[in-house]
Each structure stands twice: as C-alpha cells, then as structure tokens.
Amino acid sequence: MKVPFLDLSVPDAERAELLAAVDRVLQHGRIVMGPEVEEFESRVAQYCGRRFAVGLSSGSDALFMALLAAGIGPGDEVITTAKSFVATANAISMTGARPVFADIGDDLNIDPASVEALIGDATKAIVPVHFTGKLCRMPELEALADRHGLFLVEDGSQAFGASFGERRCGSFGRVAAISLNPMKVLAACGEAGVAVTDEPEIADTLRALRHNGIVEREYCRWVSLNGRLDTMQAAILLQRLEGYDALIERRRAIAARYDAALGNVVGVPREAEGYRDVYYTYTIRTERRDELAAFLADAGIETKIQHPLLMPQQPAYRDEARGAYPRAERLVKDVLCLPASEKLSAAQQDAVIEAMQRFFAKAS
Ligand SMILES: *Cc1c(COP(=O)(O)O)cnc(C)c1O
C-alpha cells in the first residue's frame, strides 16, 4: 500500500462546494478585494479572539508586513527560533532587521530561557513559531516580552486553530501572521495568508502595506508591494472554515493513534497540559532517522524531514548567523515527519504503524 505524505487533491463532495463558492465570486464580479475578503477577515478575527484580521497574499507577506507594521527595520534585532521554515528568517531580514536565532526545547519550539539570554540593546521583537502545529510556551514568552519591552509577533502558519486554555493561535502578542497556503492545516487552493491583531493602528497600517503602502486611495505613505488576499481564495477559505474544527479533530485522532502505537519506540509529539495541538506535521524523533526513512520509503510510506537544515545553517545565513542553538543542532538530525493528514484512511494509518513497529522489532 502506498501512503503519500500529503494529498492535495480535492474529494468530489468538497470540490462541488468550492466550485460553488468560486462561482459566486465570478457571478458578482467584484474580483479584487470582493466581499468574501472582508467576510473571511471578520470570521478569522472572531475565531482567533482578535479585533482585526487583514487578509494577505501569503504567510511570508503576512509576517513581513506584520513586522513592518510593528516598526521593525534596519538596526533592529529580532529573536526567533533556529528551527522553522526559512520564510520566518527571511521576513525578518527583508525588513532590514537582523534575525538572531534561539534554541529549541524537546517540543521543537523556541525555548524562552534561550531567548532571554540573547536579548540585547538592539533587540526589538521576538518571533515565536508554533512549529509542527504545537503552540509555543506563550505565557512565558509574553511575560518575557513585557519585562523587556519587546514586540511579540507570532508566526502561526503551522498552528491555526491550536489553543492553550481558552486562547487560540493568533491571540498572543501584538500581531500574528498566519500562512494559509495549500500545505497548511487551514488551506487555500493557492497562495494566501492573514494577520490578526487587537490594535487598530497595526490593522490600518497592514491594510495600507498590502496595497503598495497607499492610504486614502491615492497617497503612498510607505514603500511597500502588493500583498492583497485573492477574493477566490477568500471564498474557498470561508467554505473550508465551516468544517475546520471537524478536520482538526480528525488530525488529532490520527495523532492519538500514533501516540499510543509508537510511543514506546520513538519520541512522539506529546501534548503539554492545557494545550491542544493541530498536528500540522506529526514529527517523531529517533537517532536512527535516516535508516528509518529509507525503510519506510521501501514500504511505500512517504515521509519528510522538515527541515534538514536549521535556518541559520542555510547558505543565505550561515556565514553571519547570530545566536545559540546547540540543542536544535542535535535535534535536527533526529526529526522525521510521518504521513498524518486528515485524508489518510484507517488502512493507511495501520500501514504506517505496522511498518514502524516492524522496523524497530527487526532492529532490537
Ligand atoms: C508556510 C510557512 C510560512 C510561509 O508561508 P507562505 O504562505 O508559504 O508564504 C512562514 N512560516 C512558517 C512557520 C511556515 O510554515
């Protein structure tokens, strides 16, 4: 049996709903910044428990523009995790600020103690990334940001819908950026992103920044680019938001099965007390990672290493990377993402579990 890592095809029943949503846009004809954009923004704001949401063209844009709106720029340092998709570091660098890379804990998320050790005179902001769909230790990071007068900007791209107590991803810090690209848990059928905040000035600035920095229709107040959310993607996202909580439940059920079956052979992504993860990836840890990945590939099971390089190890960063991340340097060699999308059948989940157990039985 073949088990794909991720299947982006759209099942027939959903395809009919999405086509109807797109068709409504084609019929009303307000293609640029149509009513679906505003409706999606208000639904996202409500979902995240925030006053404002601003639809943007990607997660990269959302993070870049959120940082600009927060006043981050040349001369500033921004502390972020060593372990994320490189878009996080790039968005910081694109503002002219410098990313400083902090270490991670066993949860693969930024370690608040490591952040504190890196805070200096030039530090302006902290960008925690809720990696793998698991929220960072936000109460500690919020306290840290408060104590040092730093701007907290969430990169919630992998964790839309994840929560800690009553608070959801996007509700921490001053502004949060979330990618909604087709690989994410809440996924458009093309590029899309959103930023959420409680602060009207940040929301207004973001609305200008996504429109080449223009305010009052004609005046370019800031140098910026086009970062608008596409109306058809907004229509698709609105439709997908309807079934979103059920989708998260399905992912959580798959993760719970894997936890129970694999917890004795590999490090599984345990959920911390009070936290609800959305399992953007189901990332295990094992010292025999490469051997396991090859074995699973032979068994028809596709896995991914997200990501084989830390951000500061990337060619664009490695010569001048600042920070301290010894634990991340160790963990990056051990991580492997198993197929765990909500589309997996029970038989495919069984195949993953069976192959994993076979690998570790044969070896020991
Ligand atoms: C996907 C992702 C991004 C970038 O989002 P795009 O929509 O692809 O631009 C940024 N940060 C993280 C953590 C991501 O996973």
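Notes on the structure in this doc start here.

The rules behind the values
- Residues numbered from 1 in each chain as written.
- Predicted model: local features only at pLDDT ≥ 70, side-chain atom pairs only at ≥ 80, totals over all residues.
- Heavy atoms only, no water.
- Phe/Tyr/Trp six-rings, centres within 6.5 Å; stacked < 30°, edge-to-face > 60°.
- Helix = DSSP H or I, 4+ residues; strand = E, 2+ residues; numbered from the N terminus.
- Buried < 20%, exposed > 50% of the residue type's maximum accessible area, 1.4 Å probe, protein only.
- Lys NZ or Arg CZ within 6 Å of the ring centre and 35° of its normal.
- Axes fitted to C-alpha atoms, helices over the stretch in contact; angles between N-to-C directions.
- Parallel < 35°, antiparallel > 145°, perpendicular 65-115°, else oblique.
- Left-handed = near helix turned anticlockwise from the far one by under 90°.
- Contact = heavy atoms within 4.5 Å.
- Nonpolar A, V, L, I, M, F, W, Y, C, P; charged D, E, K, R; others polar.

### Here's the deal with the packing of aromatic side chains
The final tally for this structure, using the stated rule, is 10 aromatic pairs. Residues Phe160 and Tyr244 carry aromatic rings whose centres are separated by 5.5 Å and whose planes lie at 45 degrees to one another, so their mutual orientation is tilted. Of the two residues, Phe160 sits in the loop between strand 5 (151-155) and strand 6 (163-164) while Tyr244 sits in helix 9 (residues 244-262), which places them 84 residues apart along the sequence. The same class applies to Phe160 and to Tyr244, which are both buried. Here Tyr258 and Tyr282 contribute two aromatic rings whose centre-to-centre distance is 5.1 Å and whose plane-to-plane angle is 75 degrees, an arrangement assigned as edge-to-face. Of this pair, Tyr258 sits in helix 9 while Tyr282 sits in strand 13 (residues 282-285); the two residues are 24 residues apart in sequence, bridging distant segments of the chain. Members of the aromatic cluster, joined through ring pairs, are Tyr47, Phe160 and Tyr244. The positively charged end of Arg168 is found above the aromatic ring belonging to Tyr47, 3.7 Å away from the centroid.

### Some thoughts on the packing of helix 2 (residues 35-48) against helix 8 (residues 231-242)
It is the contact of helix 2 with helix 8, at a shortest axis distance of 8 Å, that shows an interaxial angle of 40 degrees. Taken together, helix 2 and helix 8 sit at an angle that is classed as oblique. Along this stretch, helix 2 crosses helix 8, giving a crossing that reads as left-handed. Contacts between helix 2 and helix 8 involve Glu36, Val37, Glu39, Phe40, Arg43 and Val44 from the first element and Thr231, Ala234, Ala235, Leu237, Leu238, Leu241 and Glu242 from the second. Looking at side-chain class alone, the contact of helix 2 with helix 8 contains 8 nonpolar, 1 polar and 4 charged residues.

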